Structures are given as C-alpha cells and as structure tokens.
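# A closer look at the structure
Chain residues, written in single-letter form:
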Amino acid sequence: MNEHRDGSGMNRRQFLQAGAASAVVMGLGGMESLAAPATPGDAIPWVTLNNGLKMPRLGLGTMTLTGDVGIRSVAEAIGMGYRLIDTAMIYTNEVEVGKGIKESGIPREKLFVTSKLWKTDMGYENAKRGFQTSLDKLQMEYLDLYLIHRPSGGDWKGSWKAMEELYAQGRIKAIGMSNASFAQMDELLADAKVKPAVHQIETHAFFQEDKAHAYLKQHGIQHEAWSPFAEGRHGMFDQATLSSIGKKHGKSVAQVCLRWHYQRGIVAIPRSRQKAHLAENLRIFDFELAPAEMAAIAPLNLGVTQFPEWT
Ligand SMILES: NC(=O)c1ccc[n+]([C@@H]2O[C@H](COP(=O)([O-])OP(=O)(O)OC[C@H]3O[C@@H](n4cnc5c(N)ncnc54)[C@H](OP(=O)(O)O)[C@@H]3O)[C@@H](O)[C@H]2O)c1
C-alpha cells in the first residue's frame, strides 16, 4: 500500500485515523482545514435519507468477496476512501467484512455499513435473531442500514416489524427493502410505522428501472443500484456507446456507468477485488456526462433482468 505523507509526519493510516475527511492544522487564527482531499474517496458526496441519516453516494459491494480476499478488499477500499460497505448474511462474508473494517483503522462511526436479512430469517422472531447474528459476525454494535434482502416468501411484514423496533432502539440507523415489487412497496407504505429509507434493486445501463426510479423518488425513498455493471454480463464492459463516451472523457466504461448512476441520483455499490479497479471506480467525480450522452445511454435499456436465475 502506498504510504501517503501529509507533511505532519503521519503516514496515511495515521492520518486517516486522526480525522479522515480533511487534515486540520493549527494556524495563527486557530484551527484551519486543508482544502486538498486526503484520498480520492473524499470526493464522494453523501445524500441525506428520508430520516435525516447521511449515506455515501458510492460504496463497495462485497458479494463473493470471502476469505482473505474479502478482508483485504474491504480494508484496501476503506483505505482509498470508500465509506459505504454493502454485505449480507447470504454472502457468508460478514466476519471478513468486520475484520477488513477493523484492519482499515478507520473508526466505525465514519463508516456506513449495510447488511441484509435473508429469506430463511423471515418473521418477527427470526428477523431479530438474524439481525443479532449479523452484528455478532461483523463484531459491531449497530448497522447503518438493514434491508430485507428478498421479500419473496414468508412473513416479511413480521420481519419489518422487528426491524422497526430495532430502529427505534437505535440498533439500526435506517431500514429498507431490496428486490420488492411495486405491490409490496405499496403495502409497506400503507401501514409501516417506519417508512423504508432505501430500496436496493438491480439497476444498470441494460436494466434502467425508470418506473421504479420515479416511484422511489415520488415516495422519498433512496434508489440504490445492485450490480451497477450487471457483473459485466451482456458485454457491458465492451459496449460500444459506453466505450465511445468514455473515450471522449478519458474514462473507462466502468467509470461512465458509475457516473451515469450518480447523475441519475442513484447510489451504486460496485464490487471489485482488484486494487486498480477499486481506485478507478472512485474517480467519477471529476467529469460530467452531457445531457446528450445521458440520452445516448437510455436506449441501451433492455428492460429485463440480467440475472434471471435469481427471480
Ligand atoms: N440486493 C441484492 O439482491 C443484490 C444482488 C446482487 C448484488 N448486490 C450487491 O451489489 C454489489 C455489486 O453487484 P455485483 O457484485 O453483482 O456486480 P457488479 O459490481 O455489477 O460487477 C462486479 C464485476 O465487475 C468487475 N469490475 C469492477 N470494477 C471494474 C472496473 N473498473 N473495470 C472492469 N471490471 C470491473 C469485477 O471484477 P474485478 O473484481 O476483477 O474488478 C466483477 O467481476 C454486490 O457485490 C452486492 O453487494 C445485491
């Protein structure tokens, strides 16, 4: 890992531990903030959710990042400036995510950690147990965001009730859904005590989810994209329109995809186990897609999931 010296004698890790976002020095007038960002990740804007909680607008997905790869990728990503880490019980890597977070040296309260309740833990009692198991694995006292992963069966409304209670106790800072249908979202909005703050759904250039996006916007629910690159399926990384837009900006297809999400107001959580890709995926805040470029991406929508095996 590159050692970043900031002139105060601290290496990068110490520097990040000392205060993360910007360096603070004592000047004649007292405390002064240095303008230069410490890491590319410091450029990540945060969005305010419907309950006032702030969430980074770009994060790290961790599905399949298990074992040492999981620990290293999470620690490296946080070292670069990622602050949102997305895991789930079903990824079987909550232990590694917790270890990676510890290894990063960044205090827990500077991070935004998401986990998800799996189908096998549906229902009021199971959800409470499932949540505690996730916390124990992560070695944490609370989660920033907890989602119902797939409300495709079982008593998911009972799970929501349990999550509302955990939210009221401050053990989860925000609760939300993933992969819910319009009908399920309508049902929840009709009788939930706590409105979902986030809905995490498959969204990428080949499955743009315009209708869901409009629905979520109308209800003040943050749209979060899973598989923002469709995992590279359907030739995403070689797609001609995305490549040619990227070339104009000196950016990769991955960066064009993430910038497209960002400009639509969608939080994206790309996954990578490669340091170069982790760094590349952060560098999306120094260019802008023109309205004509956004319009050129719209027709790439195939309108169908690229993950039929999961539906
Ligand atoms: N709620 C749900 O039901 C649900 C479902 C699926 C996913 N998710 C969440 O969403 C996250 C992201 O989705 P995903 O993991 O399915 O796939 P993804 O982020 O769309 O794509 C990951 C793939 O892209 C490659 N990649 C990453 N950066 C790249 C770059 N700059 N250039 C070229 N290739 C690059 C990765 O390879 P390298 O590792 O080699 O870089 C990996 O093969 C998951 O990890 C998970 O946290 C949630």
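Residues numbered from 1 in each chain as written. Predicted model: local features only at pLDDT ≥ 70, side-chain atom pairs only at ≥ 80, totals over all residues.

### Quick look at the overall build of the protein
Within the protein, the secondary structure is distributed over eleven helices and twelve strands. Summarising the internal contacts of the protein: among those between residues at least 6 apart in sequence, 70% fall at separations of at least 24. (Helix = DSSP H or I, 4+ residues; strand = E, 2+ residues; numbered from the N terminus. Contact = placed C-beta atoms within 7 Å.)

### With respect to the site of the ligand
As a structural note, the neighbourhood of the ligand is formed by 27 residues, with Gly61, Met63, Trp226, Ala254 and Ser272 the closest of them. Of the residues belonging to the shell around the ligand, the class tally is nine nonpolar, 13 polar and five charged. (Near = placed C-beta within 6 Å. Nonpolar A, V, L, I, M, F, W, Y, C, P; charged D, E, K, R; others polar.)

### Considerations on the packing of helix α2 (residues 67–80) against helix α3 (residues 94–104)
Following both chains from N to C, one finds α2 and α3 inclined at 40 degrees, their axes separated by 7 Å at the closest point. One element, α2, and the other, α3, form an angle in the oblique class. α3 is crossed by α2, and the crossing has right-handed handedness. Contacts between α2 and α3 involve Gly67, Gly70, Ile71, Ser73, Val74, Ala75, Ile78 and Gly79 on the former and, on the latter, Glu96, Val97, Lys99, Gly100, Ile101, Glu103 and Ser104. Considered class by class, the residues forming the contact of α2 with α3 number six nonpolar, six polar and three charged. (Axes fitted to C-alpha atoms, helices over the stretch in contact; angles between N-to-C directions. Parallel < 35°, antiparallel > 145°, perpendicular 65-115°, else oblique. Left-handed = near helix turned anticlockwise from the far one by under 90°.)

### Quick look at the nonpolar core
Counting residues in hydrophobic clusters, the biggest one holds 75 residues, and the most contacted among them are Val74, Ile85, Tyr146, Met163 and Cys257. The residues contacting Val74, other than those within four sequence positions of it, are Leu60, Thr62, Ile85, Val97, Gly100 and Ile101. (Core = buried A, V, L, I, M, F, W, Y, C linked by C-beta atoms within 7 Å. Buried ≥ 20, exposed ≤ 12 C-beta atoms within 10 Å, placed from the backbone.)

### Brief notes about α3
Each turn of an α-helix holds 3.6 residues, which means side chains three or four residues apart point in the same direction. Within α3 the residues assigned to the buried category are Glu94, Glu96, Val97, Gly98, Gly100, Ile101 and Ser104. Looking at the packing, one finds that the buried side of α3 touches α2, β6 (84–86), β7 (112–117) and α4 (124–138). Where α3 ends, the next residue or the one after it, Gly105, has phi of about 80 degrees, a positive value.

### Observations regarding helix α9 (residues 253–263)
Extensive coverage of α9 is indicated by the burial of ten of its eleven residues. Listing the buried residues of α9 in full gives Val253, Ala254, Gln255, Val256, Cys257, Leu258, Arg259, Trp260, His261 and Tyr262. Where α9 is buried, its residues touch β11 (222–226), α8 (240–249), β12 (267–268), α10 (275–282) and α11 (291–297). Directly after α9, the chain includes Gly265, whose backbone phi takes a positive value near 80 degrees.

### A few points about the environment of Arg171
One can find Arg171 in the loop between α5 (156–168) and β9 (172–178). Using a count of 18 C-beta atoms within 10 Å as the deciding quantity, one classes Arg171 as partly exposed. Residues Arg171 and Tyr146, spaced 25 residues apart in sequence, show a C-alpha to C-alpha distance of 9.9 Å.

### Re the packing of α4 against α5
At a closest axis distance of 7 Å, the pairing of α4 and α5 adopts a crossing angle of 50 degrees. By the angle class used here, α4 and α5 are oblique. Between α4 and α5 the crossing geometry is right-handed. In this structure, α4 uses Tyr124, Ala127, Lys128 and Phe131 to contact α5, whose residues at the interface are Gly158, Ser159, Lys161, Ala162, Met163 and Leu166. Grouping the constituent residues of the contact of α4 with α5 by class yields six nonpolar, two polar and two charged.

### A word on the sheet that holds β7
Overall, parallel pairing links the eight strands, which are arranged β5-β6-β7-β8-β9-β10-β11-β12 in an open sheet. Looking at strand neighbours, the two that pair on one side only are β5 (59–61) and β12, the edges of this open sheet. Inspection of the sheet shows β5 paired to β6 by three bridges, in the parallel sense. Across the sheet, residue Leu60 finds its bridge partner in β6, namely Ile85. (Pairing = 2+ DSSP bridges.)

### Details of the pairing of β7
Within β7, six of the six residues are buried, which leaves the element mostly enclosed by the surrounding structure. Burial of β7 is two-sided: the residues Phe112, Thr114 and Lys116 facing one way and the residues Val113, Ser115 and Leu117 facing the other way are all buried. Pairing between β6 and β7: three bridges, direction parallel. By the bridge assignment, Ile85 is partnered in β7 with Val113. Between the parallel elements β6 and β7, the chain passes through α3 in a crossover that is right-handed. (Right-handed = clockwise from strand over helix to strand, strands pointing away.)

### Section: the environment of Phe285
Residue placement: Phe285 occurs in the loop between α10 and α11. By C-beta crowding, Phe285 is classed as partly exposed, having 18 other C-beta atoms within 10 Å. C-alpha separation for the pair Phe285 and Tyr262, spaced 23 residues apart in sequence, amounts to 9.0 Å.

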